[in-house]
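Fold and contact review
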Amino acid sequence: MTGRIVVADEVRAAVAAGTPVVALESSIFTHGLSRPRNVEVAFDAERLLRESGVTPATIGVVAGEPTIGLSHDQVEMIGAADSGTVKTGIRDLPLAAAKGLHGGTTVASTAWLARRAGIAVFATGGLGGVHRGAASTFDESADLVALSSIPILIVNSGVKSILDVPATLERFETLGVIVLGYRTTRFPGFYVRDSGCVVDAVDSPEEAAAVARARDDLALRSAVLIANPVAVDKQVEPALHDRVLADAERKAAEAGIRGKDLTPFLLDHMHRSTEGATLDTNVAVYLGNVQVAAEIATALARVS
């Protein structure tokens, strides 16, 4: 049935009872991580939440049906190499439904579906943003506009440093999206703890929950982005990061790579040049954010 949204019984019951729930995206394991580590990380995230007394709601599209609270079998199915799973943003949901496709939901589509189910907190790795050179290409992630109208709290680790971080923060400001550092005034750059940009901070799960509650009381509709830097010992060493990124950008320019092909090229080059360190950081970023999201969701449930 096209247009149907499926909510798992466990998730529906937790939302109705007002107990903490955290939404998790699926594109991180359908398109962001190599196999078989992808599914292992998906299950690790769910296990972290359950151990914290929080109900996980992994979101994806199964045979055309947006599903909030994927089963283990469904996670394995859409995460398999031969699944034909497509990366699915908000605009792609109708096509996936009409064609009966499996889909890995992006930050924007996960946030939208989570709010449809009444979920207030979402954990992800990094956010999309403004691409370098966007002044001439108009290339920016759909996350930016979507998060200006979806009232959800998203724990993240900033945007990947291959993007234009200052321009991304400017766009969030223009769109009215609330951006806060978690126990830091330095906006993280995903692979590294400090992108060089300054943001306001919250210092506890309770304070983050209070911001989300105040937004709702004021009837504002934008997301609250809680930017949580990766642990010091898990970040890519900043000097190595800067050197490898500069080399990747130089090689992309020499090869004439641009547009939608640029980001995959840069990420792949960085992965190979750091001997897999960026992938390890990616996993550490995500699981760290899941833990913080569990704490914030618990605090938010206490004041609801």
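1. Describing the layout of surface pockets
Approximately 1,600 Å³ is the volume found for the largest pocket. Together, 43 residues line the largest pocket, and Ser27, Lys87, Lys160, Thr263 and Leu267 are the ones closest to its centre. Those elements giving two or more residues to the lining of the largest pocket turn out to be helix H2 (27-30), helix H6 (107-116), helix H8 (142-146), helix H12 (262-273) and helix H13 (277-303). Here the lining of the largest pocket takes five residues from H12, the largest share from any one element. Residue composition of the lining of the largest pocket, grouped by class: 15 nonpolar, 17 polar and 11 charged.

2. Let's talk about unusual backbone geometry
Cis geometry marks the peptide bond from Arg35 to Pro36, where omega comes out at 5 degrees. Residue position: Pro36 is located in the loop between H2 and helix H3 (37-51). The backbone of Ala63 shows a phi angle near 50 degrees, a positive value even though the residue is not glycine. Mapping Ala63 onto the fold places it in the loop between strand S3 (55-62) and strand S4 (65-68). Overall, the relative accessible area of 46% leaves Ala63 in the partly exposed class. You will see that Ala219, though not glycine, has its phi angle at about 60 degrees, which is positive. Here Ala219 is to be found in the loop between helix H10 (205-217) and strand S13 (224-227).

3. Structural notes on the side chain of Thr67
Topologically, Thr67 is positioned in strand S4. The buried category is assigned to Thr67, whose relative accessible area is 4%. Within polar-contact distance, the side chain of Thr67 engages the backbone oxygen of Glu65 at 2.9 Å.

4. As for the packing of H10 against H13
It is at 8 Å that the axes of H10 and H13 come closest, and there the two elements cross at 60 degrees. Comparing the axis directions of H10 and H13 gives the class oblique. The two elements H10 and H13 cross, and the hand of that crossing is right-handed. Taken together, the residues of H13 that come into contact with H10 (itself represented by Pro205, Glu206, Ala208, Ala209 and Arg213) are Glu295, Ile296, Ala299, Leu300, Arg302 and Val303. Within the contact of H10 with H13, the residues separate by chemical class into seven nonpolar, no polar and four charged.

So, how was this worked out
Residues numbered from 1 in each chain as written. Predicted model: local features only at pLDDT ≥ 70, side-chain atom pairs only at ≥ 80, totals over all residues. Heavy atoms only, no water. 1 Å grid on protein atoms, 1.4 Å probe; cavity = no way out; pocket = protein on both sides within 12 Å on 5 of 7 lines; lining within 4 Å. Points joined across faces, edges and corners; volume = space filled by probe spheres on them. Helix = DSSP H or I, 4+ residues; strand = E, 2+ residues; numbered from the N terminus. Nonpolar A, V, L, I, M, F, W, Y, C, P; charged D, E, K, R; others polar. Buried < 20%, exposed > 50% of the residue type's maximum accessible area, 1.4 Å probe, protein only. Polar contact = N/O pair within 3.5 Å; in protein donor to acceptor, adjacent residues only side chain to side chain. Axes fitted to C-alpha atoms, helices over the stretch in contact; angles between N-to-C directions. Parallel < 35°, antiparallel > 145°, perpendicular 65-115°, else oblique. Left-handed = near helix turned anticlockwise from the far one by under 90°. Contact = heavy atoms within 4.5 Å.

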